[in-house]
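If you want the building blocks of each chain, they are given just below.
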Amino acid sequence: MPERDVIVVGAGFTGLSAALELVDAGLDVLLLEARDRVGGKVESETLSDGTRVDTGGQFFCRDMAELMALIARNGKTPVMTHYDGEMIYRPAVPPQQGFARWQGVDALRDRMIATAPDDPDLAKLTAADWVARQDDVPGDIRKSFLRLIKGLWCRAPEEIAFTWLASNDRRITNTYSEMEMFLPDTLHALADQLAARFGDRLRLGTAVTGIEHSETGATVIVGDERLPAKRLILALPPVMIRRLPFSPALPGQFQKALSAWAPGLSIKLQASYDRPFWRERGLSGAVMWHEPQGLYACDASRGDYAGLIIFVGGPEAQQWHERPREELTAFIREQLTEAFGPEGGNPRDIHVRDWVNDPWSGGAYSDVVIDLDARYAEDIINEGIPPIHFASSELSPSYPGYVEGAIVAGRLAAGRVIGALANSRSKIGGE
Ligand SMILES: Cc1cc2nc3c(=O)[nH]c(=O)nc-3n(C[C@H](O)[C@H](O)[C@H](O)COP(=O)(O)OP(=O)(O)OC[C@H]3O[C@@H](n4cnc5c(N)ncnc54)[C@H](O)[C@@H]3O)c2cc1C
């Protein structure tokens with residue numbers, strides 16, 4: 001079997017970006033993907049009315065430079081998310097009061113970002129511990145902040161490591177809403193377009209079942225097949241990397257760094273209507289639920305399609321994951337009725353994508369660090385164990401947990417591999 005320059009495992013945006021960079025550098029690359037499609041946590045489905053919708057990652061904003069450039073280079077034009085009009089707060093509060101509360105939440109978020117990364121006093125705190133210490137902040141703002149953590153990072157604030165959360169949020173630097181825009185023909189269609197460049201260098205339906213490695217190369221095991229390469233990029237979220245058997249086993253410190261993470265818990269629903277009736281009433285379509293917790297809705301209509309997206313995040317998503325689907329859709333109809341009246345509770349269709357315990361992603365939107373003793377988990381994984389390199393959106397220096405972060409992480413890993421291969425070639429040349 002000829003030894004390739006590089007094998008990339010995982011064709012989410014991290015793996016696609018890494019592999020494209022390597023192909024552009026003229027290397028012999030093979031991209032392996034377990035599912036029968038590319039995109040990973042960016043995926044799409046076609047609704048019964050024929051509309052293709054993103055059931056995973058979807059939104060972005062102009063601050064996300066790499067994704068914006070990729071979209072432009074691939075000839076795609078985003079549409080703006082509809083935000084004109086009033087937001088609904090549940091339970092209902094006057095809009096001004098709701099707005100003031102969210103300004104307070106933003107200020108608390110700024111305070112979190114401003115904490116000193118190496119402050120030993122913060123090292124063993126969970127996010128909830130830190131919020132409890134901010135006792136000069138009104139209780140309803142602290143509660144809303146906890147709700148935001150749950151909704152964005154999709155785990156209970158009582159288990160998320162505070163220093164990791166602050167570090168993660170420091171790298172999410174957008175000034176425009178991260179949900180500013182989306183692609184009308186889906187972000188997943190962009191992943192498909194990128195994949196088309198690989199031809200037979202991309203193998204779908206190819207789950208890697210083990211990795212053998214030495215200082216000089218790695219062998220990827222796929223069932224009975226053995227695929228050797230000089231370098232390997234595992235473009236997988238941390239919770240998926242730790243499912244793979246490595247021979248020899250990864251060093252203890254590395255295993256600890258991998259086990260520090262837990263998958264996010266989230267469900268994404270799409271309620272379709274005949275028209276965006278909320279706009280006629282001066283509403284934006286966005287709903288911020290204080291109670292029940294972990295819920296958020298926004299308008300995702302475009303062209304002649306009208307729809308609301310509803311996110312369920314955190315422990316509530318885990319609870320719904322364990323209950324029959326009809327109970328979840330009945331609950332969502334109830335919540336939409338309370339927010340918008342009977343028309344809201346009567347969509348023509350509700351599509352559910354449950355990401356909890358997803359077989360190939362582990363969860364969503366991203367993995368989060370829950371081990372309070374694993375402060376340097378990211379640095380350790382990012383260093384890799386040459387010839388094996390690790391990359392995923394979670395490990396990105398900018399926009400971790402977002403598609404933008406995946407692109408950056410993938411390209412950085414590719415850069416490390418290109419540098420290492422050039423180095424070994426020049427050593428051989430110099431001998
Ligand atoms: C519901 C939802 C909503 C989101 N919303 C947004 C949003 O609006 N904006 C945004 O920017 N981000 C959003 N995200 C997050 C974003 O989608 C992810 O951060 C990003 O796509 C992660 O990319 P990745 O390549 O690092 O990981 P993944 O996309 O998880 O890619 C990993 C790939 O590896 C494959 N794989 C796993 N194990 C193996 C194996 N053993 N062998 C071979 N292949 C394997 C998987 O099938 C997968 O394709 C959302 C995610 C979800 C799920």
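Note that this is a predicted model, so its numbers are computed, not measured.

Reading guide: rules and limits
- Residues numbered from 1 in each chain as written.
- Predicted model: local features only at pLDDT ≥ 70, side-chain atom pairs only at ≥ 80, totals over all residues.
- Heavy atoms only, no water.
- Helix = DSSP H or I, 4+ residues; strand = E, 2+ residues; numbered from the N terminus.
- Buried < 20%, exposed > 50% of the residue type's maximum accessible area, 1.4 Å probe, protein only.
- Polar contact = N/O pair within 3.5 Å; in protein donor to acceptor, adjacent residues only side chain to side chain.
- Contact = heavy atoms within 4.5 Å.
- Pairing = 2+ DSSP bridges.
- Axes fitted to C-alpha atoms, helices over the stretch in contact; angles between N-to-C directions.
- Core = buried A, V, L, I, M, F, W, Y, C linked by side-chain atoms within 4.5 Å.
- Domains from an automatic or database assignment.
- 1 Å grid on protein atoms, 1.4 Å probe; cavity = no way out; pocket = protein on both sides within 12 Å on 5 of 7 lines; lining within 4 Å.
- Points joined across faces, edges and corners; volume = space filled by probe spheres on them.
- Nonpolar A, V, L, I, M, F, W, Y, C, P; charged D, E, K, R; others polar.
- Near = heavy atom within 4 Å.
- Areas by Shrake-Rupley, 256 points an atom, 1.4 Å probe, with all protein chains shown as cover.
- Parallel < 35°, antiparallel > 145°, perpendicular 65-115°, else oblique.
- Phe/Tyr/Trp six-rings, centres within 6.5 Å; stacked < 30°, edge-to-face > 60°.
- Lys NZ or Arg CZ within 6 Å of the ring centre and 35° of its normal.

**Let's talk about the side chain of Gln270**
With respect to the helices, strands and loops of the structure, Gln270 is situated in strand 14 (residues 266-273). The class of Gln270 is buried, set by a relative accessible area of 4%. Side chain to side chain, Gln270 and Tyr305 meet in a polar contact 3.2 Å long. Residues contacting Gln270, with those up to four places away along its chain left out, are Leu47, Val53, Asp54, Ala300, Tyr305, Leu308, Ile309, Asp349, Ile350 and His351.

**Describing the sheet that holds strand 15 (residues 283-289)**
The strand order 6-15-16-17-14-18 describes an open sheet built from six strands, whose pairing is mixed. Of all the strands in the sheet, the pair left with one neighbour each is strand 6 (86-90) and strand 18 (349-354). With direction set aside, neighbouring strand axes in the sheet form an average angle of 20°. Both strand 14 and strand 18 contribute to a ladder of six bridges, which runs antiparallel. Directly across from Gln270, in strand 18, lies its bridge partner His351. Across the sheet, helix 12 (residues 325-340) lies against strand 6, strand 14, strand 15, strand 16 (295-299), strand 17 (306-313) and strand 18, angled at about 125° from strand 18, the strand it touches most.

**Examining the nonpolar core**
Phe13, Ile233 and Leu234 are the most contacted members of the largest nonpolar core, which totals 111 residues. Counting contributing residues, this core receives three or more from each of domain 1 (4-42 + 185-261 + 371-430) and domain 2 (84-176 + 265-354). Those residues in contact with Phe13 that sit more than four places away from it in its chain are Gly39, Val42, Leu70, Leu187, Leu190, Ala191, Leu194, Val403, Ala406 and Ile407. Grouped together as the second largest cluster of nonpolar side chains are 28 residues, Ile88, Ala297, Ile310 and Ala317 included.

**Section: the layout of surface pockets**
By volume, the second largest pocket amounts to about 320 Å³. In terms of lining residues, the second largest pocket is bounded by 18 residues, among which Thr163, Ser167, Arg375, Tyr376 and Asp379 are the most central. Those elements giving two or more residues to the lining of the second largest pocket turn out to be helix 6 (162-170) and helix 13 (377-383). Grouping the amino acids of the lining of the second largest pocket by side-chain chemistry returns eight nonpolar, four polar and six charged. Counting only domains with at least three residues in the lining of the second largest pocket, you end up with domain 1 (4-42 + 185-261 + 371-430) and domain 2 (84-176 + 265-354).

**Section: the site of the ligand**
Surveying the vicinity of the ligand reveals 38 residues, the closest of which are Thr14, Glu33, Lys41, Phe59 and Val403. A distance of 2.7 Å is found between an oxygen atom of the ligand and a side-chain nitrogen or oxygen belonging to Thr14. Arg35 is positioned with one of its side-chain polar atoms (N or O) 3.0 Å from an oxygen atom of the ligand. Within the complex, the protein chains bury 97% of what would otherwise be the 1,000 Å² of accessible surface of the ligand. Those elements giving two or more residues to the shell around the ligand turn out to be helix 1 (13-24) and helix 14 (403-430).

**A few points about the packing of helix 3 (residues 95-113) against helix 5 (residues 139-153)**
Contact geometry of helix 3 with helix 5 gives a least axis separation of 9 Å together with a crossing angle of 70°. Here helix 3 is positioned roughly perpendicular relative to helix 5, judged by the angle of their axes. Along the contact surface, helix 3 presents Arg101, Trp102, Gly104, Val105, Leu108, Arg109 and Met112, while helix 5 presents Asp140, Ile141, Arg142, Ser144, Phe145, Arg147, Leu148, Leu152 and Trp153. Looking at the contact of helix 3 with helix 5 residue by residue, the class counts come to nine nonpolar, two polar and five charged.

**Looking at the packing of aromatic side chains**
Tallied over the entire structure, the rule returns 13 aromatic pairs. Aromatic side chains Phe254 and Phe390 sit 4.9 Å apart centroid to centroid with 40° between the ring planes, which places their arrangement in the tilted category. With Phe254 in helix 9 (residues 252-259) and Phe390 in strand 20 (residues 388-390), the pair connects residues that are 136 residues apart, well separated along the chain. The residues Phe254 and Phe390 share a single accessibility class, namely buried. Each member of the aromatic cluster is reached from another via a ring pair, and the members are Tyr273, Phe277, Trp278 and Phe340. Its guanidinium or amino end placed over the ring of Tyr176, Arg62 lies 3.6 Å from that ring's centre, counting from NZ or CZ. Of note, Arg353 hangs over the ring of Trp355, and the distance from its end group to the ring centre comes to 3.7 Å.

**A few points about empty space enclosed by the protein**
Under the definition given, this model contains one cavity of 30 Å³ or more. Roughly 30 Å³ of volume is contained in the largest cavity. Together, Ala161, Thr163, Trp164, Val369, Asp371, Leu372, Ala374 and Arg375 line the largest cavity. For the lining of the largest cavity, the class distribution of residues is five nonpolar, one polar and two charged. There are two domains that each give the lining of the largest cavity at least three residues, and those are domain 1 (4-42 + 185-261 + 371-430) and domain 2 (84-176 + 265-354).

Read these as layout, nothing more, since geometry by itself doesn't imply function.
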